[in-house]
Amino acid sequence: MSKTIIQIEHLNKTFGTGATAVHALEDINLDIHEGEIFGIIGLSGAGKSTLVRCMNMLERPTSGSVIVDGQDMTKLKEKELNKARQSISMVFQSFNLLMQRNALDNICFPLELIGVKRSEAVARARELLKIVGLETREKAYPAQMSGGQKQRVAIARALATNPKVLLCDEATSALDPTTTLSILELLKELNQKLGVTVVVITHQMNVIEEICHRVAILDSGVVAEQGTVEEIFANPQTDIGRKLVYPNGVQIDDLPTARVIRVAFNGGSSYEPLIASLAIDCGVKVNILGADTRNIDGKAFGTMLLGLPDDEKEANKAIRYIQAQSDITLEEVPFNG
């Protein structure tokens, strides 16, 4: 069992008082393991950014505890807190680079703040620029860089103090899809090579799908559900979970069939041959009424709605065949044709 590096217990955050108080977070309990990539997802206003800012005390919780690498951050004095923050760095959506400094000097900045010699800071910054693939851009200023390059510099700056945890607050939201993928690949690489724990805050399920090991879904300031990415994708338990995993949903009000089943793929090697196998092995043809499936690490996850033949024997034969397959679950969908 991996060591828990961030432990959040009964965390609450309220803005304001009395009748106008806003309860941004309510009784949050999370364990984040050392060396994992942990995702926190929710719609706008769910409390994601407030939660991540409570992890490094940029926001002070109203109550509860945030224990990072054995230290309760809520009990630290300002000087102790500043030292603790060296091991829990943050990457922001808007990059937050100093416009008057070039890439090298942006990365040196947090090292200057803690009194590292200039020569050592420069050596460390150059090492990090190489790691993020920007060794030829050390003299470039933010205005001369693309969004992806700016985020790479911001990530390098966040790594300058050798943190154990990297908090990424919507770090790819301002980037185009191709650049987003390259930044996610970089985060995955840093996680594997450096062993840094990465906490990803996002409203995009494809970001979770791409790099996270486990995920918590936040809804109106509470944790609606949490688990491995595979578990959540295979079988979301809450309305918000289903909305995030299957944003388009499938409407079955007007489907031209009398009997509908939902087939869930729970991590088998592939969902593609199922329909063909039904036809070949059983001689039963079914209609694909809707599907939302995806491949995660070579395994199939998601659901498919199938319309069964009108003939009851044929329909039951199809159900028995599907139920016999591994890593597939099936349920009948109530439908009145």
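On a predicted model such as this, the values are computed, not experimentally measured, just so you know.

## Here's the deal with the confidence of the model for the protein chain
Residues with a pLDDT of 70 or more make up 91% of the protein chain, whose mean pLDDT is 86. Overall, residues 250-256 carries pLDDT values under 50, and its contacts beyond four positions in sequence, including any with other chains, amount to eleven contacts.

## Here we look at the pattern of salt bridges
In total, this model carries 15 salt bridges according to the counting rule given. The salt bridge partner of D105 is R118, with a shortest N-O separation of 2.9 Å. Taken together, the residues span a long stretch of sequence, with D105 in helix α3 (residues 103-113) and R118 in helix α4 (residues 118-131) at a distance of 13 residues. E138 serves as the salt-bridge partner of R126, at 2.9 Å between the closest nitrogen and oxygen. Of this pair, R126 sits in helix α4 while E138 sits in the loop between α4 and α5 (147-159), placing them twelve residues apart in sequence.

## Here's the deal with the packing of α3 against α4
Closest axis-to-axis distance for the α3/α4 pair is 9 Å, and the angle between their directions is 125°. Relative to α4, the element α3 lies oblique. Viewed along their axes, α3 and α4 form a crossing whose handedness is right-handed. From α3, A103, L104, D105, I107, C108, L111 and E112 reach across to α4, where they touch R118, A121, V122, R124, A125, R126, L128 and L129.

## Thoughts on the pairing of strand β9 (residues 214-219)
Counting buried residues in β9 gives five out of six residues, a clear majority hidden from the surface. Note: β9 against strand β10 (residues 222-228), six bridges, orientation antiparallel. If you follow D219 over to β10, its bridge partner there is V222. Where β9 hands over to β10, the hairpin turn is made up of two residues, of which S220 adopts a positive phi near 50°.

## Remarks on the sheet that holds strand β8 (residues 197-202)
The six strands are arranged β6-β7-β8-β3-β9-β10 in an open sheet whose pairing can be described as mixed. Strands at the two margins of the open sheet, each flanked by one partner only, are β6 (88-92) and β10. Going across the sheet, the axis of each strand differs from the next one's by a mean of 15°, ignoring polarity. Across the sheet, α5 is in contact with β6 and β7 (165-169); its angle to β6 comes to roughly 170°.

## Structural notes on the environment of I8
Tracing the backbone shows I8 in strand β1 (residues 4-15). Given the relative accessible area of 1%, I8 is considered buried. Note: C-alpha distance between I8 and G64 (56 residues apart in sequence) is 7.7 Å. The contact partners of I8, leaving out residues within four places of it in the chain, are I28, N29, L30, L51, M55, S65 and V66.

## Side note on α5
Helix length check: α5 (13 residues) gives 18 Å between terminal C-alpha atoms against 18 Å at 1.5 Å per residue, within 8%. Most of α5 is tucked away, with ten of its 13 residues classed as buried. Three or more residues of α5 are buried, namely G148, Q151, R152, V153, A154, I155, A156, R157, A158 and L159. Lining the buried residues of α5 we find β6, α3, α4, β7 and α6 (177-194).

## Points about unusual backbone geometry
At F95, a position not held by glycine, the phi torsion is positive, near 70°. Summarising the element assignment, F95 is placed in the loop between β6 and α3. Given a relative accessible area of 12%, F95 falls into the buried group. You will see that E170, though not glycine, has its phi angle at about 50°, which is positive. Mapped onto the elements of the fold, E170 is located in the loop between β7 and α6. On the basis of relative accessible area, E170 is assigned to the buried category, the value being 10%.

Criteria and thresholds
Residues numbered from 1 in each chain as written. Predicted model: local features only at pLDDT ≥ 70, side-chain atom pairs only at ≥ 80, totals over all residues. Heavy atoms only, no water. pLDDT = per-residue confidence, 0-100. Contact = heavy atoms within 4.5 Å. Salt bridge = Lys/Arg side-chain N within 4 Å of Asp/Glu carboxyl O. Helix = DSSP H or I, 4+ residues; strand = E, 2+ residues; numbered from the N terminus. Axes fitted to C-alpha atoms, helices over the stretch in contact; angles between N-to-C directions. Parallel < 35°, antiparallel > 145°, perpendicular 65-115°, else oblique. Left-handed = near helix turned anticlockwise from the far one by under 90°. Buried < 20%, exposed > 50% of the residue type's maximum accessible area, 1.4 Å probe, protein only. Pairing = 2+ DSSP bridges. Expected span 1.5 Å × (residues − 1).

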